[in-house]
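Each chain, letter by letter, is given below.
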Amino acid sequence: FREDAANKGKFCNVGTWAWSRHPNYAGEILLWWGIFLACSPVLEGWMWIALLGPILITVLILFVSGLPILEASADKRYGTNSDYRAYKDTTSVLIPLP
């Protein structure tokens, strides 16, 4: 998308970004929960503290350093663009939904 000069100054709304405004963060969260689930059958006792990893990543992305910062940045950059506002109103923030 960025390599095409015709897209300079535009927001990405093609491919996976047509379904989710932040598919990379959805993948990151899914990855950490998947690793936890793959390891969970062998966890015993104090090892269950490993659950804090995916919880912390999820909280950070959703509420601290991920989505809030990028949403604010995109709103500042493209907020006056009616196409962006329509995209934002019709596209899932995180979970890719067609």
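Before reading further, recall that the structure is shown in the block above.
Each value, and the rule that gives it
- Residues numbered from 1 in each chain as written.
- Predicted model: local features only at pLDDT ≥ 70, side-chain atom pairs only at ≥ 80, totals over all residues.
- Heavy atoms only, no water.
- Helix = DSSP H or I, 4+ residues; strand = E, 2+ residues; numbered from the N terminus.
- Buried < 20%, exposed > 50% of the residue type's maximum accessible area, 1.4 Å probe, protein only.
- Contact = heavy atoms within 4.5 Å.
- Areas by Shrake-Rupley, 256 points an atom, 1.4 Å probe, with all protein chains shown as cover.
- Lys, Arg positive; Asp, Glu negative; His and termini not counted.
- Charge placed at Lys NZ, Arg CZ, Asp CG, Glu CD.
- Core = buried A, V, L, I, M, F, W, Y, C linked by side-chain atoms within 4.5 Å.
- Expected span 1.5 Å × (residues − 1).
- Arc of directions from axis to C-beta.
- Polar contact = N/O pair within 3.5 Å; in protein donor to acceptor, adjacent residues only side chain to side chain.
- Phe/Tyr/Trp six-rings, centres within 6.5 Å; stacked < 30°, edge-to-face > 60°.

> It is not clear to me how the overall build of the protein chain should be interpreted in this structure. Could you clarify?
In terms of regular secondary structure, the protein chain is built from four helices and zero strands. Listing every helix and strand of the protein chain by position from the N terminus yields α-α-α-α. On the principal axes, the C-alpha backbone points of the protein chain span a range of 55 × 25 × 25 Å. Looking at the protein chain residue by residue over its 98 residues, the buried ones come to 26%. Long-range pairs, those at least 24 residues apart, make up 67% of the contacts in the protein chain between residues at least 6 apart in sequence. Accessible surface computed for the protein chain: about 7000 Å², of which carbon and sulfur atoms make up 67%. The average position of the 8 basic charges and that of the 8 acidic charges among the side chains of the protein chain differ by 11 Å.

> What exactly am I supposed to notice about the nonpolar core here?
In a soluble, globular protein the nonpolar side chains are often hidden away together inside. Ranked by size, the top nonpolar core spans six residues in total: Tyr-25, Ala-26, Ile-29, Ile-61, Leu-67 and Leu-94. At three residues, helix α1 (residues 23–39) tops the list of elements feeding residues into this core. Not counting residues within four places of it along the chain, the set of residues in contact with Leu-67 comprises His-22, Tyr-25, Ile-61, Leu-62, Val-93 and Leu-94. Membership of the second largest hydrophobic core comes to five residues, among which are Phe-11, Ala-74, Tyr-78 and Tyr-87.

> Mind showing me how you'd approach α1 here?
Residue pairs spaced three or four apart in an α-helix point in one direction, given the helix's 3.6 residues per turn. Here α1 spans 24 Å end to end across 17 residues, near enough to the 24 Å set by a 1.5 Å rise per residue. All of the buried residues along α1 are Pro-23, Tyr-25, Ala-26, Ile-29 and Phe-36. For α1, the angular spread of the buried residues around the axis is 155 degrees, confining them to a single face. Along its buried surface, α1 packs onto α2 (52–64) and α3 (67–78).

> What is the right way to read the side chain of Ser-92 from this model?
Along the chain, Ser-92 falls in the segment after α4 (82–90). From its side chain, Ser-92 meets the backbone oxygen of Ile-95 in a polar contact 2.6 Å long. Residue contacts for Ser-92: discarding those within four places in its chain leaves Trp-19, Ser-20, Arg-21 and Leu-97.

> Explain the packing of aromatic side chains here, please?
The relation between two aromatic rings is expressed through the spacing of the ring centres and the mutual angle of the planes. Taken as a whole, this structure holds seven aromatic pairs when the rule is applied. Seen from their ring centres, Tyr-78 and Tyr-84 are 5.7 Å apart, and the 40 degrees between their planes marks the pair as tilted. Taken individually, Tyr-78 and Tyr-84 each receive the classification buried, so the pair is uniform in this respect. An aromatic cluster of at least three residues, connected via ring pairs, comprises Phe-11, Tyr-78, Tyr-84 and Tyr-87.

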